[in-house]
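Commentary on secondary and tertiary structure
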Amino acid sequence: MKKKPILSDMSKISEDMMGPGKCKEYSIYVDPHSTPDFVKEEKRRVIPAFPIIYEIADHTWQVNEFGMSSFYVLAGRERGLVIDCGCGSIDAKSLIEHLCSLPYEVAITHGHGDHCGAMCQFEKVWIFPEDIPLIRDGFRVNQQLWENPNIWGSFPARYPDGTPMDAPGCTAGGKAYYDYTNLTFMGIDPEHLPEMQELKDGQRFDLGGRSVEVLHMPGHTKGCAVFIDPKTRIAFTGDSFNQSFRLAGNTAAENVKLLKKLQKHCSEFDRMFPGHTAVGANTANFSQSPQLLPDVIRAYQSIADGTAVVKEKVLHGRTIKVAVYGKAEVELDGKPLQDEKP
């Protein structure tokens, strides 16, 4: 009989990894140009607190790294799959191996620091080749960790159908809720990166009784990935489809095309979990409903057609313009309305 993945006793994990006075110490790579003065030390400890772990489906865990970002641990009968590895403020590898006792692969949704910050703990990771240059720019990746807006403020929390949550503190940053006194990150050392194996569009990870498909969704970055798990009927969308929608590097028409590609798989999932849930100080952990997809597509289409309904809103202290359709709001990123057709 094959050994089943099990979740170890939580108190044991806490004691081993992050209990008060017993936090693991490890060497970190410190880029003197991208790290604030108050954390420039050879060794630091992980935050003396336990990250929030949600069991979102059978043998499927979400790790909320103190409101900054989320990563996911999936286990089949024979293997595990880790989707992203967080910011690197915790010993992600030890935590993963407490959750899943099987051999596992690590796959990165895109090459931003808040999603790949612990990657140097692993011998190899999977990533689309378009984002490998981002990883190799260690200075920028490390800098992104301190620029994470969810530390200082937060995107407005939303219910699964996209309705904004109107509650006191729902836009507060993680700093207002978690103890960031000892916050530091492992950092990315460009000279000692893991082996980067290239993802391919349509690739599948066979975990044993559970097969996870990879979609290439360039937009937020050129190498963004979405992972679809029909077994649990969940799509893990990284930053391709999260609480903030913007044109990023694409035209509106290109985003319509990409999201329709994701929409074609809607028969395989009922929930979408992005790379940021329960963000900042908000611990409400909602998935996003696929029913939000058509509204986002129509919002982008209206930008492409030049017919968008545009309004202004304040986000992280700056005024932005968004195109609105139904419950979707798409940031224009300062770009004019497009007149192209998809």
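Quick note: structure is the one above.
Residues numbered from 1 in each chain as written. Predicted model: local features only at pLDDT ≥ 70, side-chain atom pairs only at ≥ 80, totals over all residues. Heavy atoms only, no water.

A word on the environment of leucine 134. The residue leucine 134 is located in helix H4 (residues 132-136) in this model. Judged by relative accessible area, which is 33%, leucine 134 ranks as partly exposed. Sequence-distant contacts of leucine 134, defined by excluding residues within four places in its chain, comprise Gly111, His112, Val141 and Thr221. (Helix = DSSP H or I, 4+ residues; strand = E, 2+ residues; numbered from the N terminus. Buried < 20%, exposed > 50% of the residue type's maximum accessible area, 1.4 Å probe, protein only. Contact = heavy atoms within 4.5 Å.)

Packing of helix H7 (residues 252-263) against helix H8 (residues 292-305) leaves a shortest axis separation of 8 Å and a crossing angle of 160°. With respect to each other, H7 and H8 are oriented roughly antiparallel. Crossing handedness for the pair H7 and H8: left-handed. The segment H7 lies against H8, with Ala252, Ala253, Asn255, Val256, Leu259, Lys260, Leu262 and Gln263 engaging Leu293, Pro294, Val296, Ile297, Tyr300, Gln301, Ile303 and Ala304. Partitioning the contact of H7 with H8 into residue classes produces 12 nonpolar, three polar and one charged. (Axes fitted to C-alpha atoms, helices over the stretch in contact; angles between N-to-C directions. Parallel < 35°, antiparallel > 145°, perpendicular 65-115°, else oblique. Left-handed = near helix turned anticlockwise from the far one by under 90°. Nonpolar A, V, L, I, M, F, W, Y, C, P; charged D, E, K, R; others polar.)

By the element assignment, lysine 257 lies in helix H7. On the accessibility criterion, lysine 257 (67% relative accessible area) is exposed. Linking lysine 257 and methionine 217, residues 40 residues apart in sequence, is a C-alpha distance of 10.0 Å.

On to the pairing of strand E4 (residues 60-64). Within E4, five of the five residues are buried, leaving the element largely enclosed by the surrounding structure. The side-chain alternation of E4 yields two buried faces, one formed by Thr60, Gln62 and Asn64 and the other by Trp61 and Val63. Hairpin remark: strand E3 (residues 52-57) followed by E4, antiparallel, with two residues in the connecting loop; positive phi at histidine 59, about 55°. For E4 and strand E5 (residues 70-75), the ladder comprises five bridges, and the chain directions are antiparallel. (Pairing = 2+ DSSP bridges.)

Moving on, we get to unusual backbone geometry. We note that histidine 59 has phi near 55°; this positive angle belongs to a residue other than glycine. Mapping histidine 59 onto the fold places it in the loop between E3 and E4. With relative accessibility at 24%, the residue histidine 59 sits in the partly exposed group. For aspartate 84, which is not glycine, the phi dihedral falls at a positive 70°. Relative to the helices and strands, aspartate 84 is located in the loop between strand E6 (80-83) and helix H2 (92-99).

On to H8. For H8, which comprises 14 residues, the first-to-last C-alpha distance of 20 Å matches the rise-based estimate of 20 Å (1.5 Å per residue) to within 8%. Within H8, 11 of the 14 residues are buried, which leaves the element mostly enclosed by the surrounding structure. Looking only at H8, the buried set comprises Leu292, Leu293, Asp295, Val296, Ile297, Ala299, Tyr300, Gln301, Ser302, Ile303 and Ala304. Looking at the residues trailing H8, positive phi occurs at glycine 306, about 80°. (Expected span 1.5 Å × (residues − 1).)

So, about the sheet that holds strand E13 (residues 234-238). Two modes of strand pairing occur in sheets, parallel and antiparallel, and in both the strands are linked by backbone hydrogen bonds. Spatially, the five strands line up as an open sheet ordered E10-E11-E12-E13-E15, and their pairing is mixed. Of all the strands in the sheet, the pair left with one neighbour each is strand E10 (204-206) and strand E15 (271-274). Here the strands of the sheet are splayed against their neighbours by 20° on average, with no regard to which way each runs. The pairing of E10 with strand E11 (residues 211-216) spans three bridges and is classified as antiparallel. What sits directly across from phenylalanine 205, in E11, is valine 212.

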